[in-house]
Amino acid sequence: MAGVVKMPSQNDFARYRDDFPVLARPMNGQKLAYMDTASSAQKPRAVIDALREALDRDYANIHRGLYALSQTTTQKFEATRRKVADFIGASSENEIVFTRNTTEAINLVAQSWGRTNLKAGDEIIISGMEHHANIVPWQLLHDQIGIVLKIIPVLPNGTLDMDAFDGLLSDRTRFVSIVHVSNALGTINPVETIIRKAKAYNADILVLVDGSQSVTHMPVNVLGLGCDFFAFTGHKLYGPTGVGVLYGRAALLNAMPPYQGGGDMIETVSFAQTTYKPAPARFEAGTPAIAEVIALGAAIDYVAAIGMDNIAAHEGMLLASLVEQLETVPGLTFYGTGPDKAGIVSFTADWGHPSDIAMILDQCGVAVRTGHHCCMPLMQGFGVEGTVRASLGLYSNVDDIISLMNGVTKAHKLLGA
Ligand SMILES: Cc1ncc(COP(=O)(O)O)c(C=O)c1O
């Protein structure tokens, strides 16, 4: 019937789980409960097939070959650029730069935009819950040109202290770089408000959003957010490793110098002078991850067909149940208890070390992450070395939660006695 959107049911989500071959393999003699999607997502068969096909049917180098095979591969590669632009609501595929991952995307902005536009004493605001990928590139700029890093504090419930943010904005503020969804806490940050406030303070302040965790858990629209840059990584979006994305507004990208030099990013080269192609090509020196970019297109087709709203609703329902059940376990402390959360739960136990808990969970077939989650300053702020983190994906189900709960109960019996 026209105009009626079909919502996937829980049965549909059970079916999607069968799309992920690795989830069918037993782990330590148990059914695998993969709860480390925030670190890297498992791959659906559609992505595995696209990767294989890109290698065994359509493979050639791109952009430069006049022969049909190269042209087909180029078309498939560039089709992913258009899919990414549509998926995140960019105005044009020319605003999509392929990088190796989020880390490289942020380093690109720091080194290209930052080194060109910043001087000693200029201020960049980040938050206390950033992944190292959104801290260290700015610290390098501090060492290289003397910029000053200012940090939005994190409140005890794992949300940002937005009043403190207001106080950090100053006449020296040039850039804000902020994580959309915390990989360690699951907190969904009010990035629209941050962008609006920064730009109201000074329209020239630029904002980068680290969308590594948000693109995987919820719909994202960069124009709606009003950000200048947006970075994410393919392997967390059910795609392959080795490919990431930097979105940048076209005018900004075209005003930025290349970050790396080499083939495919130039217009002409002579020993006297080299001229560069417009964005995005000027930021894609050398042969890219061709097959992986094509397979990222398959990953986007896959999640778009399910619908990011539906994925968010499915994970939201499981998250509520996971939190409710974990809260019944004595001695747990939770990190990231604010109202807006994606499918990530972080906790410590007063009866056991996170690594010991994770090892017992592993014996029960449950894969969780422990440690600082590449957020050492955040962990220091909470006064812990690390946490146990369980994170959900579109393939997660109630059985995963039951396995996790059985594992945590066993760990409590063994370690807490
Ligand atoms: C919020 C966030 N930012 C950045 C990264 C870095 O991603 P990558 O290692 O793929 O560059 C991660 C990965 O865990 C992340 O969760």
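Residues numbered from 1 in each chain as written. Predicted model: local features only at pLDDT ≥ 70, side-chain atom pairs only at ≥ 80, totals over all residues. Heavy atoms only, no water.

- The name an unreviewed UniProt entry gives the chain is Cysteine desulfurase, with Micavibrio aeruginosavorus as the organism.
- In the Sequence similarities (unreviewed entry) part of its UniProt record, the chain is described as follows: "Belongs to the class-V pyridoxal-phosphate-dependent aminotransferase family. Csd subfamily."
- Recorded in UniProt under Function (unreviewed entry), the annotation for the chain is "Catalyzes the removal of elemental sulfur and selenium atoms from L-cysteine, L-cystine, L-selenocysteine, and L-selenocystine to produce L-alanine." (UniProt positions renumbered as here; feature names shortened; annotations may be inferred.)

Quick notes on the pattern of salt bridges
At step 1: Here the structure, examined in full by the defined rule, presents 21 salt bridges.
At step 2: The shortest N-O distance in the salt bridge between Asp122 and Arg174 comes to 3.1 Å. Of this pair, Asp122 sits in the loop between α4 (102-117) and β5 (123-127) while Arg174 sits in strand β7 (residues 173-179), placing them 52 residues apart in sequence.
At step 3: Given a relative accessible area of 2%, Asp122 falls into the buried group.
At step 4: Note on Arg174: relative accessible area 25%, which makes it partly exposed.
At step 5: Between Lys150 and Glu123 there is a salt bridge, with its nearest N and O atoms 3.1 Å apart. Taken together, the residues Lys150 in strand β6 (residues 148-152) and Glu123 in strand β5 connect sequence positions 27 residues apart.
At step 6: Because the salt bridges share partners, they merge into one network encompassing Glu53, Arg57, Asp58 and Lys76. (Salt bridge = Lys/Arg side-chain N within 4 Å of Asp/Glu carboxyl O. Helix = DSSP H or I, 4+ residues; strand = E, 2+ residues; numbered from the N terminus. Buried < 20%, exposed > 50% of the residue type's maximum accessible area, 1.4 Å probe, protein only.)

Here's the deal with the site of the ligand
At step 1: In the vicinity of the ligand, 13 residues are found, and the nearest of them are Thr103, Asp210, Gln213, Thr233 and Lys236.
At step 2: Note that an oxygen atom of the ligand is positioned 2.8 Å from one of the side-chain N or O atoms of Gln213.
At step 3: Split into classes, the residues belonging to the shell around the ligand amount to two nonpolar, nine polar and two charged. (Near = heavy atom within 4 Å. Polar contact = N/O pair within 3.5 Å; in protein donor to acceptor, adjacent residues only side chain to side chain. Nonpolar A, V, L, I, M, F, W, Y, C, P; charged D, E, K, R; others polar.)

Focus: the packing of aromatic side chains
At step 1: Scanning the model with the defined rule gives 13 aromatic pairs in all.
At step 2: Each ring, one from Trp138 and one from Phe175, has its centre 5.1 Å from the other, and the planes form 40°; the classification is tilted. On the criterion of sequence distance, the pair formed by Trp138 in helix α5 (residues 136-145) and Phe175 in strand β7 is long-range, its members being 37 residues apart. Across the pair, exposure class does not vary: Trp138 and Phe175 are buried alike.
At step 3: Grouping aromatic residues by their ring pairs yields a cluster made of Phe20, Tyr34, Tyr238, Tyr302 and Tyr395. (Phe/Tyr/Trp six-rings, centres within 6.5 Å; stacked < 30°, edge-to-face > 60°.)

Points about the sheet that holds strand β8 (residues 206-210)
At step 1: Here we have seven strands laid out as an open sheet, ordered β4-β10-β9-β8-β7-β5-β6, and mixed in their pairing. With one partner strand each, in any of the chains shown, β4 (96-99) and β6 form the two edges of the open sheet. With strand direction ignored, the average angle separating the axes of adjacent strands in the sheet is 20°.
At step 2: Both β7 and β8 contribute to a ladder of five bridges, which runs parallel. Residue Val179 lies in a different strand from β8, and its bridge partner there is Asp210.
At step 3: Against the sheet, helix α7 (residues 191-201) makes contact with β7 and β8, and its axis sits at roughly 165° relative to β8, the strand it touches most. (Pairing = 2+ DSSP bridges. Axes fitted to C-alpha atoms, helices over the stretch in contact; angles between N-to-C directions. Contact = heavy atoms within 4.5 Å.)

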